[in-house]
Amino acid sequence: MRSIHLPTEPTPIGQPHPLLRLGFRPFYLLAAALAALSVPLWLAGYRGALPALPAVNMLWHMHEMVFGFAGAVIIGFLFTAGRNWTNLPTPAGGQLAALAGLWVAGRAAMLLAPGVPALVIDGLFLPLCALAFGRVLVQAQSKRNYPICGILILLSVANLLFHAAANGWIALSAFKPVHGAILMITVLEAVIGGRVIPMFTRNGAPGSQPVTVAWREKASIALLLATALAWVGGLPGFVVAAVAFAAASVNAVRLAGWAPFATVRVPLLWILHLAYAWIVAGLLLLGFAAVGIGSSSSAFHALAVGGMSGLIIGMITRTALGHTGRMLRAGRAESAMYLLLQAGAVARLCANLLPAEVRDILLAGSALAWAGSFLTYLWVYGPYLSKARVDGREG
């Protein structure tokens with residue numbers, strides 16, 4: 001058995017604790033902890049077992065998965081990648097600790113003090129992170145990455161709209177900003193995925209020849225944006241379906257060009273390809289839902305659990321290994337995380353599609369698989385993230 005422990009070696013004078021040296025360290029751990037705890041908590045609330053916590057409801061679950069869990073991973077990744085993109089420092093030390101503390105306070109407020117306190121505390125996190133990230137991009141004149149900062153701003157707005165809608169301050173369904181946020185995160189995944197998945201495949205799958213075509217890369221992202229705007233804007237169902245089916249088709253061809261079948265023996269790669277395939281499936285389901293075939297819940301769970309979370313578990317393992325100086329190689333633990341998450345995604349989708357008699361069983365199975373994936377991450381990667389790099393380099 002393996003235990004999570006803090007490093008015993010002293011922190012060099014002038015250096016922050018290893019946990020606060022780069023954004024991925026605290027935020028990956030916090031996101032994994034939230035993922036492991038919140039879904040079983042939500043299931044208990046769904047079954048009526050938490051009368052003392054009335055805030056644990058459907059809206060809380062949606063918010064925490066998108067703006068809490070995914071938000072933390074996105075910030076951890078961007079603070080880490082941003083330093084590589086610009087060669088400039090991103091938040092570390094006390095500044096990083098303050099932002100991580102604000103995120104934790106936001107989770108507590110959503111659970112214990114919904115309403116104005118949650119709006120103020122939780123609502124500050126993404127804008128402050130967008131400001132910190134944007135300042136680095138502007139200083140480096142990294143114009144290629146300005147749209148990514150724009151997505152953070154849109155997510156901040158969606159979060160504020162969620163709070164306003166959930167509290168009845170505006171005449172808007174609270175589902176709408178959550179759906180918009182999931183679709184914007186999907187756009188972000190397509191942008192980042194297009195940069196890294198072919199490169200990772202070329203480097204990690206010997207003999208593979210992933211292909212990227214400029215017009216196809218641009219069209220895939222443009223059609224995802226169009227799908228998001230059509231759905232959130234409430235356009236007629238046939239319009240949403242047409243755009244969603246087009247986005248699914250182009251992204252499927254895009255994925256096929258990245259040589260996915262060359263990755264079947266490389267877990268660090270196949271998890272990324274499989275997660276991207278979930279995006280295609282989610283877009284297809286969204287198109288059908290728009291014309292009354294199936295439910296939007298199935299579509300958004302495919303996008304969020306299979307696509308978003310699949311890419312998250314793939315990236316928080318891969319980037320943590322690389323940025324702590326370890327070999328980019330998946331062992332049994334990583335394979336278990338990936339398979340558990342995929343099992344959870346399939347079970348959650350089946351819970352929507354199969355008869356009600358087995359729904360609760362499938363929900364419980366999905367929650368257990370999901371929690372098991374992220375508990376395994378905490379168990380294995382906690383020591384990695386809380387200790388200095390094994391190669392002695394900064395970060």
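Under an unreviewed UniProt entry, the name given to the protein is NnrS family protein, and the organism recorded is Massilia eburnea.

Student: I tried to follow a nonpolar patch on the surface on my own but got confused; where do I start?
Tutor: Residues Val116, Val120, Leu124, Leu128, Leu131, Ile153, Val157, Leu161, Trp169, Ile170 and Leu172 make up a contiguous nonpolar surface patch of about 910 Å² in total accessible area. Contributing elements (two or more residues each) for the nonpolar patch: helix H4 (116-140) and helix H5 (146-166). When residues in the nonpolar patch are grouped by element, the largest group, five residues, is from H4. Of note, Ile153 is situated in helix H5. With relative accessibility at 46%, the residue Ile153 sits in the partly exposed group.

Student: Looking at this structure, I do not really get the domain arrangement of the protein. What am I missing?
Tutor: Interface size is commonly expressed as the accessible surface area that is lost when the partners come together. Structurally, the protein comprises domain 1 (19-172) and domain 2 (175-387). In this structure, domain 1 and domain 2 have C-alpha centres spaced 19 Å apart. Contacts between the two partners involve 39 residues from domain 1, matched on the other side by 37 residues from domain 2. In total, about 3300 Å² of surface goes out of reach between domain 1 and domain 2, with carbon and sulfur atoms giving 81% of it. On the surface where domain 1 and domain 2 come into contact, there are zero salt bridges. Viewed at the interface, domain 2 and domain 1 are joined by seven residue pairs in polar contact (both at pLDDT 80 or more). If one sorts the elements of the side of domain 1 that touches domain 2 by residue count, helix H2 (residues 58-86) sits on top with 14 residues. For the side of domain 1 that touches domain 2, the per-class residue count stands at 33 nonpolar, three polar and three charged.

Student: Explain the packing of helix H1 (residues 24-46) against helix H3 (residues 93-112) here, please?
Tutor: For any two helices packed against each other, the geometry comes down to the angle between their axes and how far apart the axes lie. It is at 11 Å that the axes of H1 and H3 come closest, and there the two elements cross at 10 degrees. The angle between H1 and H3 falls in the class roughly parallel. When H1 is examined against H3, the residues Pro26, Phe27, Leu30, Ala31, Leu34 and Leu41 are found in contact with a partner set consisting of Leu96, Leu99, Ala100, Trp103, Val104, Arg107 and Leu111. Among the residues making up the contact of H1 with H3, the classes are represented as 12 nonpolar, no polar and one charged.

Student: Explanation requested: the environment of Trp379 in the structure shown.
Tutor: As for its placement among the helices and strands, Trp379 is situated in helix H12 (residues 359-386). Along the backbone, Trp379 and Leu124 are 255 residues apart, and their C-alpha atoms lie at a distance of 30 Å.

Student: Would you mind showing me how to read the packing of aromatic side chains here?
Tutor: Where two aromatic rings form a pair, the distance of their centres and the angle of their planes describe that pair. Using the criterion set out here, one finds 14 aromatic pairs in the structure. Plain terms: the ring middles of Tyr381 and Tyr384 are 4.9 Å apart, the flat faces sit at 70 degrees to each other, and that makes the pair edge-to-face. Residue Tyr381 and its partner Tyr384 are located together in helix H12, separated by three residues, close to a single helical turn. Three or more aromatic residues joined by ring pairs form one cluster here, namely Phe69, Trp370 and Phe374. It is Arg318 that lies over the ring of Phe200; its NZ or CZ is 3.7 Å from the centre.

Student: What exactly am I supposed to notice about empty space enclosed by the protein here?
Tutor: It is the rolling of a water-molecule-sized probe over the atoms that shows where space remains empty. Summed over all chains, the structure comprises one cavity of 30 Å³ or more. In this model, the largest cavity occupies a volume close to 280 Å³. Around the largest cavity, the lining is made up of 17 residues, and of these Phe77, Glu189, Ile192, Leu311 and Met315 lie nearest the centre. Among the elements that line the lining of the largest cavity, the one with the most residues is helix H6 (residues 175-204), at seven residues. The residues that make up the lining of the largest cavity include at least three from each of domain 1 (19-172) and domain 2 (175-387).

Student: Sorry if this is basic, but what is going on with the pattern of salt bridges here?
Tutor: Opposite charge on two side chains allows them to pair when their charged atoms are near. The final tally for this structure, using the stated rule, is five salt bridges. For Arg83, the salt bridge identified is with Glu394, shortest N-O distance 3.9 Å. On the criterion of sequence distance, the pair formed by Arg83 in helix H2 and Glu394 in the segment after H12 is long-range, its members being 311 residues apart. Of the residues examined, Glu394 reaches a relative accessible area of 59% and is grouped as exposed. Among the charged side chains, a salt-bridge network with shared partners connects Glu64, Arg107 and Asp122.

Student: For this particular structure, what's the right way to read unusual backbone geometry?
Tutor: Trans peptide bonds make up most of the peptide bonds, and negative phi angles are found at most residues other than glycine. Here Asn87, not a glycine, exhibits a phi torsion of approximately 60 degrees, which is positive. On the secondary structure map, Asn87 appears in the loop between H2 and H3. Since its relative accessible area comes to 70%, Asn87 is described here as exposed. If you check the backbone angles, Ala259 has positive phi at about 60 degrees while not being a glycine. Residue class for Ala259 comes out buried when judged on its relative accessible area of 18%.

Student: For this particular structure, what's the right way to read the nonpolar core?
Tutor: General note: in soluble globular proteins, nonpolar side chains tend to be found buried as a group. Core analysis: the largest hydrophobic core is formed by 124 residues, its most contacted members being Phe27, Phe69, Phe374 and Tyr377. Here this core gets 15 residues from one element, more than from any other, and that element is H2. Two domains each donate at least three residues to this core, and these are domain 1 (19-172) and domain 2 (175-387). Non-local contacts of Tyr377, meaning those with residues more than four positions away in its chain, are made with Tyr28, Ala32, Ile313, Ile316, Thr317, Ala320, Met337, Gly382 and Leu385.

Student: Can you help me understand the side chain of Thr90 in this one?
Tutor: Examined against the element boundaries, Thr90 turns out to sit in the loop between H2 and H3. Accessibility expressed as a relative area gives 10% for Thr90, which makes it buried. Of note is the side chain of Thr90, whose polar atom sits 2.6 Å from the backbone oxygen of Phe79. For Thr90, the residues in contact, after removing those within four places along its chain, are Leu22, Phe79, Gly82, Arg83 and Val136.

About the thresholds
- Residues numbered from 1 in each chain as written.
- Predicted model: local features only at pLDDT ≥ 70, side-chain atom pairs only at ≥ 80, totals over all residues.
- Heavy atoms only, no water.
- Patch = residues over 30% accessible without salt bridge, like charges linked within 9 Å, V, L, I, M, F, W, Y side chains within 5 Å.
- Areas by Shrake-Rupley, 256 points an atom, 1.4 Å probe, with all protein chains shown as cover.
- Salt bridge = Lys/Arg side-chain N within 4 Å of Asp/Glu carboxyl O.
- Helix = DSSP H or I, 4+ residues; strand = E, 2+ residues; numbered from the N terminus.
- Buried < 20%, exposed > 50% of the residue type's maximum accessible area, 1.4 Å probe, protein only.
- Domains from an automatic or database assignment.
- Contact = heavy atoms within 4.5 Å.
- Buried area = accessible area lost by both parts, 1.4 Å probe.
- Polar contact = N/O pair within 3.5 Å; in protein donor to acceptor, adjacent residues only side chain to side chain.
- Nonpolar A, V, L, I, M, F, W, Y, C, P; charged D, E, K, R; others polar.
- Axes fitted to C-alpha atoms, helices over the stretch in contact; angles between N-to-C directions.
- Parallel < 35°, antiparallel > 145°, perpendicular 65-115°, else oblique.
- Phe/Tyr/Trp six-rings, centres within 6.5 Å; stacked < 30°, edge-to-face > 60°.
- Lys NZ or Arg CZ within 6 Å of the ring centre and 35° of its normal.
- 1 Å grid on protein atoms, 1.4 Å probe; cavity = no way out; pocket = protein on both sides within 12 Å on 5 of 7 lines; lining within 4 Å.
- Points joined across faces, edges and corners; volume = space filled by probe spheres on them.
- Core = buried A, V, L, I, M, F, W, Y, C linked by side-chain atoms within 4.5 Å.

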